[in-house]
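# Geometric and topological summary
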Amino acid sequence: MSFPTGSAFKDLLTLAHDLADRSGEIIRPHFRRPIEVANKAGAAAFDPVTKADKGAERAIVRLIRSRAPEHGVIGEEYGSQRPDAPLQWVIDPIDGTRSFITGTPMWGTLIGLLHEGTPVLGLMDQPFTGERFWSDVKASFRREAGGKARRMRTRPCARIADALIMTTSPDLFEAGAETDAFGRVRQAARMTRYGGDCYAYCLLAAGFVDLVIEAGLKSYDVVALIPLVERAGGRVTTWDGRPATDGGRIVASGDPALHDKVLKLLNR
């Protein structure tokens, strides 16, 4: 199928906003309230999940099934539905559950759309702060609580020495090659800040951060963020320069002129 354009794309974007509105209604009452936390990873690690994650994904999927039953869904908590559909919604109901359970508002709901495997639409919603970030066909936008939509643009930063880096945690990087690679960029850059999850990519798209470098991501961690960053003027790939759609080791640059320099340093 050809990619929807014009009014058809607007309908998809409207659905994405409606999905965010619905998920926010589910998540918001649980934030900074006592909540049971389960561990999906078992005894070997810690991968938290709450009823807010699960309830929001169920609500999102129900709305997709109601409004666009022919579309597929890839979700963090409940897996895939209609995997052969040309249009696939990729959902992370709470990207940053560790932040969520500690009362830190550096988390968000990720809603992405793939057309035949290519990211074409992305939205990040922060229902507690009321912020929302999204892409359309050619640009990216952000809206603060009660405010108007404003176009986002990444900022110029062609030198690593001038770059501000964000990454969710140093624990993302495996000891050895990954830690060493990130360390080379961190030492060459102006400043590094930890924490952020999806929020860091939105800050990059809005022109406040120059680099986001991470590892161990899944597709639902990044699909929504790719068009959001790229249509603001940035670039997102794996550490070896491949498409980032499937996750893995990811680098996002606000200035495309910076990107290849960072890749070279990561792979030195």
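Report follows, based on the coordinates. (Residues numbered from 1 in each chain as written. Predicted model: local features only at pLDDT ≥ 70, side-chain atom pairs only at ≥ 80, totals over all residues. Heavy atoms only, no water.)

### Brief notes about the sheet that holds strand 5 (residues 87-95)
If you trace the eight strands from one edge of the open sheet to the other, you get 4-3-5-6-7-8-9-10, paired in mixed fashion. Edge positions in the open sheet fall to strand 4 (79-81) and strand 10 (150-152), since each of these has one partner strand only. Taking each pair of neighbouring strands and ignoring which way they run, the sheet shows an average axis angle of 20°. Pairing analysis gives seven bridges linking strand 6 (residues 108-115) to strand 7 (residues 118-126), with the strands arranged antiparallel. Bridge assignment links Thr109 to a residue of strand 7, and that residue is Asp125. Those strands touched by helix 2 (residues 51-67) are strand 3 (72-75), strand 4, strand 5 and strand 6, and its axis lies near 155° from that of strand 5. Contacting strand 5, strand 6, strand 7, strand 8 (131-135) and strand 10, helix 5 (residues 198-205) crosses the sheet at an angle of about 105° to strand 7. (Pairing = 2+ DSSP bridges. Helix = DSSP H or I, 4+ residues; strand = E, 2+ residues; numbered from the N terminus. Axes fitted to C-alpha atoms, helices over the stretch in contact; angles between N-to-C directions. Contact = heavy atoms within 4.5 Å.)

### Thoughts on the pattern of salt bridges
Side chains bearing opposite charge may pair, as long as their charged atoms lie close to each other. Tallying each qualifying case throughout the model produces 14 salt bridges. A salt bridge links Asp18 to Arg67; its shortest N-O distance comes to 2.8 Å. With Asp18 in helix 1 (residues 7-27) and Arg67 in helix 2, this residue pair connects regions lying 49 residues apart in the sequence. A residue is classified by how much of its surface remains accessible, and Asp18, at 25% relative accessible area, is partly exposed. You can call Arg67 partly exposed: its relative accessible area is 41%. The salt bridge involving Asp125 is made with Arg132; its shortest N-O contact spans 2.9 Å. In terms of burial, Asp125 and Arg132 fall into one category: buried. Among the ionic contacts, a cluster of salt bridges with common partners joins Asp21, Asp125 and Arg132. (Salt bridge = Lys/Arg side-chain N within 4 Å of Asp/Glu carboxyl O. Buried < 20%, exposed > 50% of the residue type's maximum accessible area, 1.4 Å probe, protein only.)

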